[in-house]
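Okay, here's what each chain looks like letter by letter:
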Amino acid sequence: MLASARNSGGKIQMTYKEVLESARGQMGPCHACPVCNGRACGGTIPGPGAKGSGTVAIRNFDAWRGVRLNMDTIHENFEPDTALRIFGCTFKYPFFAGPVGAMALHYGDKYNDLDYNNILVPACAAAGIAAFTGDGTNPKVMEGATAAIAASGGAGIPTVKPWDNATVAQKMAMARQSGCFALAMDIDAAGLPFLQHLDPPAGSKTVEQLQEIAQSAGVPFILKGIMTVSGAEKAVEAGAAGIVVSNHGGRVLDDCPATAEVLADIVAAVDGRAKILVDGGIRTGNDVFKALALGADGVLIARPFVTAVYGGGADGVAAYTEKLGSELADTMRLCGAPTLDAITAIWCGSSSKRQQKTPCLPVAKTVETWYSFCAALCGGHCTYGRRLVFPPERR
């Protein structure tokens, strides 16, 4: 038996290692791996895997491994402020539990969606963060999720699938009654294999349809599932107050890019017109720091919070949250960033030796984005950057 630590109130608190050990064998086809990197589950759907080849979830994880951190410990000593302020709320850390649904289908019969949300939502609120909740064809899923959010003082984000607009309107009306501080739609769920040809129908939305939904939300409306500059522009046009750069954990389109690969271009295109969150393979506090350094306001983490619930319930959620938070704070100290606002792209490099000469290379894909990042970081003075990044008229 592993020794557990006591928290300040004297209660036995699980370690994250204990959470993982307890979760194994409890999660259907999920192995509760020590590192949730997509390799063991591959293309297992139903289950926690990715679509088709199962490689997108793996590449999501690997892309963050390719971003390196630049250490700088010559600065005043400080206690990092990890608090995120967004949509009029303040959270202890800049990460949220991502929406997960159809628990019995994908993770065995230990919990259904109502059980899962009744554990996750209050546990996240108690830990100082918030949970995005999932949706389903059964109306009781949204009813249960919004009831859990209401019981937690509105500390949650109901996430509606892209059903027909009449069904969306019904579910959003229910969600508003929860007192939630924001509402979301995972627009990319239109591509989920198990949502095809169902009643109510789910599918893509036009900008005009999304405008109608955003205007009726009554709280900030977040669109999850944005993977291109064009998609981000349309989300902003539709009135989204926030977007989530997400490929649904690789579960909707095989062979699409990793989220870390497209984040910087989307940040540059949105240019502050909406809050930007990102998910996909983010597993540690270091990863959270990297995402913020590349321009995100915050992140979502989904599969590991499932493991936390199955392995330890509310205690598992608390253990994983504090693990992430302590890792983030430690990285902030070692990089000299006392607040989240101080985390910028200058703290990130690349694992590629060819790219280590300038910190902007791993985060930019277009000339305009190269220019904006280089100009912000060093004014474009390095020979390498001026030769390969800037067009002739800017050299």
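Structure first, text after, so check above.
Fair warning: this is a prediction, and the values are worked out from it, not measured in the lab. Note that residues are indexed from 1 along each chain, following the sequence as it is written. The model is predicted, so local features are restricted to residues of pLDDT at least 70 and side-chain atom pairs to those at 80 or more, both for listing and for counting; the totals for chains, interfaces and linings are taken over all residues. The side-chain numbers reported here are obtained from all heavy atoms of the structure, hydrogens and water having been left aside.

Caption draft 1: Focus on the overall build of the protein. Helix and strand counts for the protein come out as 13 helices and 14 strands. By the burial criterion, 54% of the 395 residues in the protein qualify as buried. For the protein, the computed accessible surface area is about 16200 Å², with 53% contributed by carbon and sulfur atoms. Here a strand is any run of E in DSSP of at least two residues, a helix any run of H or I of at least four, and the numbering for each starts at the N terminus. Three labels apply to residues, based on accessible area from a 1.4 Å probe with only protein chains included: buried if under 20% of the type maximum, exposed if over 50%, partly exposed otherwise in between. Using a 1.4 Å probe, the Shrake-Rupley method yields the accessible areas, and only the shown protein chains count as cover for residues.

Caption draft 2: Region of interest: the nonpolar core. To form a nonpolar core, buried Ala, Val, Leu, Ile, Met, Phe, Trp, Tyr and Cys residues must be joined to one another through side-chain atoms within 4.5 Å. Core analysis: the largest hydrophobic core is formed by 108 residues, its most contacted members being Phe96 and Phe305. When residues in this core are grouped by element, the largest group, twelve residues, is from helix 11 (residues 303–335).

Caption draft 3: Local environment of the pattern of salt bridges. The term salt bridge refers to a pairing of a side-chain nitrogen on Lys or Arg with a carboxyl oxygen on Asp or Glu at a separation within 4 Å. Taken as a whole, this structure holds eleven salt bridges when the rule is applied. Glu79 is the partner of Arg333 in a salt bridge, and the nearest nitrogen-oxygen pair spans 3.1 Å. Of this pair, Arg333 sits in helix 11 while Glu79 sits in the loop between strand 3 (67–69) and strand 4 (84–86), placing them 254 residues apart in sequence. Note that Asp135 and Lys171 form a salt bridge whose closest N and O atoms lie 2.7 Å from each other. Remark: Lys171 occurs in helix 6 (residues 165–176) and Asp135 occurs in the loop between strand 7 (131–133) and helix 5 (139–151); sequence separation between them is 36 residues. Of the residues examined, Asp135 reaches a relative accessible area of 4% and is grouped as buried. Shared partners join several salt bridges into a network, and the residues in it are Arg65, Asp287 and Lys290.

Caption draft 4: Summary view of the packing of helix 8 (residues 229–237) against helix 9 (residues 259–270). Angles run from 0 to 180 degrees between N-to-C directions of axes, and those axes are lines fitted to C-alpha atoms, restricted for helices to the stretch in contact. Interaxial distance between helix 8 and helix 9 falls to 9 Å at its minimum, and their mutual angle equals 35 degrees. The crossing of helix 8 and helix 9 is right-handed. Mapping the contact onto sequence places Val229, Ala232, Glu233 and Val236 in helix 8 and Asp265, Ile266, Ala269 and Val270 in helix 9. Residues are grouped as follows: nonpolar covers Ala, Val, Leu, Ile, Met, Phe, Trp, Tyr, Cys and Pro; charged covers Asp, Glu, Lys and Arg; every other residue, Gly included, is treated as polar. Class assignment for the residues of the contact of helix 8 with helix 9 results in six nonpolar, no polar and two charged. Should the near helix be turned anticlockwise from the far one by less than a right angle, the crossing is left-handed, and should it be turned clockwise, the crossing is right-handed. Contacts were defined at the residue level, with two residues in contact if any of their heavy atoms lie within 4.5 Å.

Caption draft 5: Representation of helix 11 within the structure. In a regular helix each residue adds 1.5 Å, so 33 residues correspond to 48 Å; helix 11 covers only 28 Å between its end C-alpha atoms and thus falls short of that length. The seven residues ending at a residue and the seven starting there each receive a fitted axis; the angle between those axes is the bend at that residue. Taken as a whole, helix 11 carries its principal kink of about 135 degrees at Gly312. By definition here, a helix of n residues has an expected span of 1.5 Å times n minus one.

Caption draft 6: Main features of the pairing of strand 8 (residues 156–160). For strand 8, the buried fraction is high: five of the five residues fall into the buried class. The side-chain alternation of strand 8 yields two buried faces, one formed by Gly156, Pro158 and Val160 and the other by Ile157 and Thr159. Strands are treated as partners if at least two bridges between them are detected by DSSP. The sheet contact formed by strand 7 and strand 8 spans three bridges and is parallel. Paired with Thr133 across the two strands is Pro158, which belongs to strand 8. We call a crossover right-handed when, viewed with both strands directed away from the observer, the connection leading from the first strand over the helix to the second proceeds clockwise. A crossover connection joins strand 7 to the parallel strand 8 through helix 5; in handedness this β-α-β unit is right-handed. Across two bridges, the pairing between strand 8 and strand 9 (residues 183–186) is parallel. Bridged to Thr159 within strand 9 is Ala184.

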